[in-house]
Amino acid sequence: MLSILRSLVQEVNSARDLQEALDIIVSRVQKAMGTEVCSVYLQDPVTNRYILMATEGLYRKAVGRVSLGYSEGLVGLVGSREEPINLEDAPSHPRYRYFPETGEERFRSFLGVPIIHHRRVLGVLVVQQRESRCFDEGEEAFLVTVSAQLAGVIAHGEATGAISGMSLTGREARDVSFNGVPGAPGVAIGTGVVVYPAADLDAVPEKPTDDIESEVALFQSAVRAVREDIERVANRLASQLRPEEQALFDVYLRMLGDEALPGEVVNRIREGIWAQGALKQVVQQYVRHFEMMDDHYLQERAVDVRDLGRRLLSHLQEGEQRHLVYPEKTVLVSEELTPAMLGEVPKGRLVGLVSVKGSSNSHVAILARAMGVPTVMGLVDIPVNQLDGKELIVDGFEGQIFASPSADLRAFYQEICDEEDELVRGLEALRDKPCETTDGHRVSLLVNTGLMTDVVRSLSHGAEGIGLYRTEVPFMIKDRFPSEQEQREYYREQLEAFAPNPVTMRTLDVGGDKALAYFPINEENPFLGWRGIRVTLDHPEIFLVQVRAMLKASEGLNNLQIMLPMISNVSEVEESLHLIYRVYHEVREEGYDIHMPKVGVMVEVPAAVYQIRELADRVDFLSVGSNDLTQYLLAVDRNNPRVAQLYHSYHPAVLQALVRIAQDAHAVGKPAGICGELAGDPGGALLLMAMGYDSLSMNAASLPKVKSVIRSVSREWAMQLLEDVLMLDSPHVIKSCVDLALRNAGFGRYLRPGKTSSLALSEQAAS
Ligand code: PEP
Ligand code: MG
């Protein structure tokens with residue numbers, strides 16, 4: 001069964017479009033199960049109906065014509081119950097609905113299983129038999145497995161169709177949305193430019209061409225070049241290879257003959273597809289063909305075809321890279337964005353970023369935040385290759401993008417862009433004003449930095465210091481560990497820019513999802529593994545060099561603070577302090593005139609929440625890393641879009657933990673700050689201020705908004721709001737309550753449209 005499933009999934013995965021995928025599914029499942037009928041019905045969100053999309057066994061003419069309401073017939077019943085229905089005699093079931101155009105009356109037994117992807121019922125997979133019998137357990141389990149395996153592919157196929165502007169019924173689809181995770185805040189409206197690593201066939205986008213002859217010429221010259229390459233290699237190796245090994249090159253050259261692969265590619269180009277896309281299609285078809293063969297030798301040929309495809313592609317791309325056109329408002333889209341890709345875009349044209357892989361902690365997201373480019377990461381189900389040249393809306397607040405936007409949705413987001421600009425301009429006046437409530441309660445507003453660009457932006461936004469300098473960022477942009485001298489230079493820049501205000505440097509925090517290319521950490525469960533202080537205590541040579549560089553960089557400025565990430569017990573603090581003291585004395589002995597910096601602990605792990613007093617007794621300050629603390633308290637991977645709806649910073653458990661941390665730290669006379677994303681959320685900042693946090697550290701872009709909200713309310717008012725929300729038990733209700741309070745206080749503009757509000761808007765537009 002496993003091998004049938006594997007080859008089915010493989011075939012379906014390489015189908016050209018949704019229809020081909022569905023046709024493959026019904027024909028293979030019908031064959032594998034030996035049933036007389038296999039059909040697939042998909043839900044069409046535009047018409048709210050199940051449509052018969054493909055069948056083997058019913059009349060083909062019914063495909064696309066027969067449809068049922070959401071709760072109509074047995075198909076509707078399977079969909080609404082979200083579980084299999086197995087009937088010996090379907091026509092006698094009260095929900096049975098007969099469609100003469102299908103020829104269904106001949107079949108008595110019925111087994112339908114829902115196709116569900118991320119909780120959404122996409123459709124129903126049905127098998128039918130003439131004979132009146134119940135399908136056995138094995139058959140039912142097989143169909144359920146097929147359906148579960150294929151749901152993702154079907155969702156992807158649907159999305160691809162929708163992106164190209166087509167719903168299942170061939171109607172125009174608009175406001176197609178995809179959810180990922182926020183990478184950098186802000187909204188962008190622009191044109192998608194798909195960039196992809198060189199010579200990666202799978203990443204080649206689908207594009208039409210209107211200059212067929214020049215695409216054919218381009219392809220033919222690539223074929224000539226590859227031929228020459230292969231002949232050269234074959235000649236060079238002639239004396240070292242036996243004739244049968246040399247024959248491999250003949251296979252390659254034969255495949256490059258006009259009648260073989262190139263001929264088929266040229267035919268596809270003549271159908272109007274650009275050369276790279278045509279090559280991709282033909283190579284994938286060959287590969288599929290070879291991989292399906294039973295003969296092991298022939299299966300292996302798939303590797304040769306893929307290799308040949310890559311060689312041809314790399315020659316095609318040599319010509320192509322030069323004329324990649326970046327529109328005025330470019331939204332860069334890629335499977336995996338790299339900083340180098342960002343660098344290719346001409347100055348002033350990059351408005352948004354979209355990456356399938358990666359998270360808000362990816363290097364590229366950090367860079368995007370520094371540059372102020374709205375970014376969405378981790379868009380798993382998106383058909384990247386279809387986005388080239390499409391109008392896209394990037395909502396970096398919510399981690400969502402829209403393709404084929406309707407005029408209403410575009411206008412809605414344009415207004416947000418305009419308001420955002422206006423808001424930022426309006427807030428410039430607050431730059432030098434203190435962050436103080438109307439009843440005189442003062443909070444320090446600090447920034448999170450990683451690159452020098454952040455520092456420049458932070459200064460212009462009126463930050464009072466750095467609450468979190470992520471030292472891993474300069475480590476990430478190198479191809480080896482930076483030397484002590486290099487680190488010293490990075491650190492000095494940050495310290496100088498803010499002196500005499502405090503600059504809090506976090507010791508290297510790698511592991512989890514933060515990787516250094518030159519120090520790979522491969523673990524089954526990286527967030528519970530070797531990360532943060534655990535790594536650096538195991539590698540004192542890294543820790544000591546870093547602290548030495550920090551201390552030397554602080555000479556004469558005396559504004560350095562050191563912070564320890566991922567602390568889960570007191571001995572980690574003691575060991576770290578021991579090393580810091582050791583370096584401090586050594587550096588002083590070397591003649592540097594430095595002061596012992598304040599040292600703090602990050603509260604990011606639930607265990608730390610329950611040991612605040614013990615931790616605080618040993619250090620000078622505490623700073624809550626609410627991003628990690630939320631992830632660990634709720635057991636929700638902060639970068640996994642599948643569980644993103646469970647990651648909620650307003651969860652009552654998170655708020656209770658935050659209250660407790662501030663109280664316990666103050667009880668032993670130590671200041672408590674916060675440097676997770678919650679601090680930069682206007683509503684979150686109000687609650688944190690009410691809890692008594694002494695400092696809030698955030699993105700430079702959020703700082704003016706937070707300052708304006710805090711300056712407009714009294715602490716007493718915020719404390720009442722906190723008291724009210726602490727009585728509530730649902731994160732969603734808490735969020736609505738805080739939003740309402742902000743709205744009533746005149747800050748409705750600071751609330752970004754949620755997924756629900758934008759969806760409601762698109763539904764409204766559709767009706
Ligand atoms: C946090 O976890 O909240 C934090 C500030 O650290 P990072 O986001 O870098 O893990
Ligand atoms: Mg953290």
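Above this text sits the structure in question.
Model, not experiment: these values are computed from the prediction.

A. Summary view of the overall build of the protein. Scanning the protein from terminus to terminus reveals 27 helices and 22 strands. With the C-alpha coordinates aligned to their principal axes, the bounding extent of the protein is approximately 85 × 80 × 45 Å. The buried share of the protein, reckoned over its 767 residues, is 55%. Contacts in the protein between residues far apart in sequence, at least 24 positions, make up 65% of those at least 6 positions apart. The averaged location of the 107 negative side-chain charges in the protein is 2 Å from the averaged location of its 76 positive side-chain charges.

B. Highlighting the packing of aromatic side chains. According to the stated counting rule, one finds eight aromatic pairs in the structure shown. Geometrically, the ring pair formed by phenylalanine 475 and phenylalanine 481 is edge-to-face, given 6.1 Å between the ring centres and 75 degrees between the ring planes. Among the residues examined, phenylalanine 475 registers a relative accessible area of 1% and is labelled buried. Look at phenylalanine 481 and tyrosine 518: their rings are 5.0 Å apart centre to centre, the planes differ by 80 degrees, and that puts the pair in the edge-to-face class. Pair noted here: phenylalanine 481 is in the loop between α14 (472-476) and α15 (484-498) and tyrosine 518 is in the loop between β17 (503-506) and α16 (533-538), with a separation of 37 residues, a long-range link. The class of phenylalanine 481 is partly exposed, set by a relative accessible area of 27%. Through pairs of rings, three or more aromatic residues link up here, namely Phe475, Phe481, Tyr518, Phe519 and Trp530.

C. A look at the nonpolar core. One finds Leu332, Leu658, Leu687, Leu688, Met691, Tyr693 and Leu696 to be the most contacted residues of the largest nonpolar core, which totals 123 residues. Per-domain counts for this core show at least three residues from each of domain 2 (176-195 + 325-422) and domain 4 (427-727). Excluding anything up to four places from it in sequence, tyrosine 693 contacts Val443, Val624, Leu658, Ile661, Ala662, Ala672, Gly673, Ile674 and Leu688. In this structure, Ala234, Val251, Val265 and Val331 belong to the second largest nonpolar core, which totals 56 residues.

D. The sheet that holds strand β1 (residues 37-44), seen in detail. What the six strands build is an open sheet, ordered β3-β2-β1-β6-β5-β4; its pairing is antiparallel. Taken across any chain shown, the strands that pair with only one partner, and hence form the sheet edges, are β3 (67-69) and β4 (85-87). Each adjacent strand pair in this sheet contributes to an overall mean axis angle of 20 degrees, direction not counted. Bridge count for β4 against strand β5 (residues 109-117) is three bridges, and the pairing is antiparallel. Residue pairing in the sheet places isoleucine 85 in a bridge with glycine 112 of β5. Helix-sheet contacts for helix α2 (residues 18-33) involve β1, β2 (49-56) and β6 (120-129), and the interaxial angle to β2 is about 60 degrees.

E. Main features of the sheet that holds strand β21 (residues 672-674). A barrel is described by the order of its strands in space; here eight strands give the closed sequence β15-β16-β17-β18-β19-β20-β21-β22, paired in parallel fashion. Averaged over neighbouring strand pairs, the angle between their axes works out to 25 degrees when direction is ignored. Judged from the four bridges that link them, strand β15 (residues 444-449) and strand β22 (residues 695-698) form a sheet pairing that is parallel. By the bridge assignment, valine 447 is partnered in β22 with methionine 698.

Reading the values: the criteria
- Residues numbered from 1 in each chain as written.
- Chains lettered and ligands numbered in written order.
- Predicted model: local features only at pLDDT ≥ 70, side-chain atom pairs only at ≥ 80, totals over all residues.
- Heavy atoms only, no water.
- Helix = DSSP H or I, 4+ residues; strand = E, 2+ residues; numbered from the N terminus.
- Buried < 20%, exposed > 50% of the residue type's maximum accessible area, 1.4 Å probe, protein only.
- Contact = heavy atoms within 4.5 Å.
- Lys, Arg positive; Asp, Glu negative; His and termini not counted.
- Charge placed at Lys NZ, Arg CZ, Asp CG, Glu CD.
- Phe/Tyr/Trp six-rings, centres within 6.5 Å; stacked < 30°, edge-to-face > 60°.
- Core = buried A, V, L, I, M, F, W, Y, C linked by side-chain atoms within 4.5 Å.
- Domains from an automatic or database assignment.
- Pairing = 2+ DSSP bridges.
- Axes fitted to C-alpha atoms, helices over the stretch in contact; angles between N-to-C directions.

It is worth stressing that arrangement in space is one thing and function is another; only the former is reported here.
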